[in-house]
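# Observations on the three-dimensional arrangement
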Amino acid sequence: MKPKAYIETTVISYLTAWPSRDVVLAGHQQITRDWWQTAADRFELVASELVIAEVGAGDPVAARDRLAALASVTLLDATEQALELATQLLDSGAIPKKAAEDAAHIAIAVTNGVEYLVTWNCRHIANATMRSQIELACRKAGFEPAIICTPDELMEPDNDNE
């Protein structure tokens, strides 16, 4: 059985966006495209209705492309447990109150037993200074936290011995 990887909105945005002129963003976009090519072979890709709502907003043509990228991704439920965990993440200060959607992404992934939460949101989700607080809040609520990472951290290992 393949491990589950929750695809957060920023991954789809980087995957489908026109190449950026910013060299760092362009690099993240290329890494995302490279990762996406084999991700479904190695992971059960999952998302949520929250991701669908977020990628469906904005420019209609871009939204169509983002939604199409998610066509084969399984959608997870935002259960009552997820809402409670999101509230605990916010109340504990693990996630700032202004980032309630970010807390919801984490909570949906965690309460559905997802192994990896894949994101380019390094402000409130894949943030090394916040990760321990997020993990602590999840464990206090009785859940094993997902491993929060960016696509480059989940790249297929290069098995060349060169």
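Residues numbered from 1 in each chain as written. Predicted model: local features only at pLDDT ≥ 70, side-chain atom pairs only at ≥ 80, totals over all residues. Heavy atoms only, no water.

## Here we look at the side chain of Arg 42
We apply this condition: Runs of E in the DSSP output that reach at least two residues are strands. Runs of H or I that reach at least four are helices, and both are numbered from the N terminus. By the convention used here, residues are in contact when the closest approach between their heavy atoms is within 4.5 Å.
Considering the arrangement of structural elements, one finds Arg 42 in helix 2 (residues 23–42). Those residues in contact with Arg 42, other than ones at most four positions away along the chain, are Lys 2, Pro 3, Trp 35, Leu 154, Met 155 and Glu 156.

## Here's the deal with the pairing of strand 2 (residues 44–48)
Where we set the bar: Classification of residues uses two cut-offs on accessible area relative to the type maximum, computed with a 1.4 Å probe and protein chains only: under 20% is buried, over 50% is exposed, and between them is partly exposed. When DSSP locates at least two bridges between a pair of strands, those strands are taken to pair.
With 4 of 5 residues buried, strand 2 lies mostly within the body of the structure. In the sheet, strand 1 (residues 4–7) pairs with strand 2 via 3 bridges, with the strands oriented parallel. Directly across from Tyr 6, in strand 2, lies its bridge partner Val 46. Bridge analysis of strand 2 against strand 3 (residues 74–76) gives 3 bridges, and the strand direction is parallel. Within the sheet, the bridge partner assigned to Ala 47 lies in strand 3 and is Leu 75.

## Re the environment of Leu 45
With respect to the helices, strands and loops of the structure, Leu 45 is situated in strand 2. Taking the C-alpha atoms as reference points, Leu 45 and Lys 4, 41 residues apart in sequence, are found 5.9 Å from one another.

## Section: the pattern of salt bridges
Short version of the rule: In what follows, salt bridge is the name for a side-chain nitrogen of Lys or Arg lying within 4 Å of a carboxyl oxygen of Asp or Glu.
For the structure on display, the rule yields 3 salt bridges. Two residues, Arg 64 and Asp 65, come together in a salt bridge whose shortest N-O distance is 3.6 Å. For Arg 64, a relative accessible area of 52% corresponds to the exposed category. Take Asp 65: its relative accessible area is 34%, and that puts it in the partly exposed class. When the shortest N-O distance is used, the salt bridge between Arg 139 and Glu 144 registers 3.0 Å. With a relative accessible area of 44%, Arg 139 lands in the partly exposed category. Residue Glu 144 is classed as exposed on the basis of its relative accessible area of 56%.

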